[in-house]
Amino acid sequence: MLVADEITVKIVRSWDEEEIAALYKAGGWWKEEYKTEDLPRLILGSFAFAVATDSKTGRTVGMGRVIADGVSDGYIQDLVVLPEYRKSGIGTQIVASLVSRCLQSGITWIALIAEPDTEKFYGPLGFRPMEGHVPLIFWGES
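One structure accompanies this document, and this report is about it. (Residues numbered from 1 in each chain as written. Predicted model: local features only at pLDDT ≥ 70, side-chain atom pairs only at ≥ 80, totals over all residues. Heavy atoms only, no water.)

## A look at the packing of aromatic side chains
Note the threshold: For this analysis, a ring pair means two rings from Phe, Tyr or Trp (six-membered ring only for Trp) whose centres lie within 6.5 Å, classed as stacked if their planes differ by under 30 degrees, edge-to-face if by over 60, and tilted for the remaining angles. Accessibility here uses a 1.4 Å probe with only protein chains present; expressed as a share of the type maximum, an area under 20% marks a residue as buried, one over 50% as exposed, and anything in between as partly exposed.
Tallied over the entire structure, the rule returns six aromatic pairs. When the centroid spacing of 6.3 Å and the interplanar angle of 45° are considered together, the rings of Y24 and W30 count as tilted. Where Y122 meets F127, the ring centres are 6.0 Å apart and the plane angle is 80°; that geometry is what we call edge-to-face. Its relative accessible area of 12% is what places Y122 among the buried residues. Taken together, the aromatic side chains of Y24, W29, W30 and Y34 make up a single cluster linked through ring pairs.

## Observations regarding the nonpolar core
A general trend in soluble globular proteins is that nonpolar side chains are found buried together. To keep it simple, the criterion reads: The definition of a nonpolar core used throughout is a set of buried Ala, Val, Leu, Ile, Met, Phe, Trp, Tyr and Cys residues joined through side-chain atoms within 4.5 Å. In this text, helices come from DSSP runs of H or I with a minimum length of four residues, and strands from runs of E with a minimum of two, each type numbered from the N-terminal end.
Counting 35 residues, the largest nonpolar core has I20, I76, I90, I94 and F127 as the members making the most contacts within it. Looking at this core, the elements that each hand over two or more residues are β1 (7-12), α1 (17-26), α2 (39-45), β2 (48-54), β3 (60-68), β4 (73-81), α3 (90-104) and β5 (109-112). A total of six residues in this core trace back to one element, the largest contributor, which is α3.

## Looking at the sheet that holds β2
Defined as follows: Strands qualify as paired when DSSP identifies two bridges or more between them. Helix axes are fitted to C-alpha atoms over the stretch in contact, other axes to C-alpha atoms as well, and angles between N-to-C directions run from 0 to 180 degrees. A contact between two residues is defined here by any heavy atoms of the two lying within 4.5 Å.
Within the open sheet, the five strands sit side by side as β1-β2-β3-β4-β5. Their pairing is mixed. The outermost strands of the open sheet, each flanked by one partner alone, are β1 and β5. Sheet twist, expressed as the average angle between the axes of neighbouring strands with direction ignored, equals 20°. Note that β4 and β5 share four bridges and pair parallel. Within β5, the residue paired with G74 across the bridge is I110. Running at roughly 85° to β3, α1 makes contact with β2, β3 and β4 of the sheet.

Below is the structure:
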């Protein structure tokens, strides 16, 4: 069984591209046309990028990031933990690190778009549905 103190979560400005690509793949978010060489720019362009590592193995086991204006609003996205490490508190540690980084910078409007059936995970972390709001995505002009 995984022990919480075996996991280290830190905010980084760079990380191994292959390890980050493996996490995106584990989350089902990697597209064939994506390039690992673009990942350093993605990490650097994030307001905060958190990685979780297993201190026993050195393996990168989770990540999450915040995109933000640096003043008032931030969005958490790309939260993923490798399947074999899920249900052990790592996702909670990552979100807590990202929220803390935002609050330290004065960012108090922190939002995310959750996948279906993940409200039970995010609720205890302080997130609630935004009643009367609908997330939208640009699909091109009609």
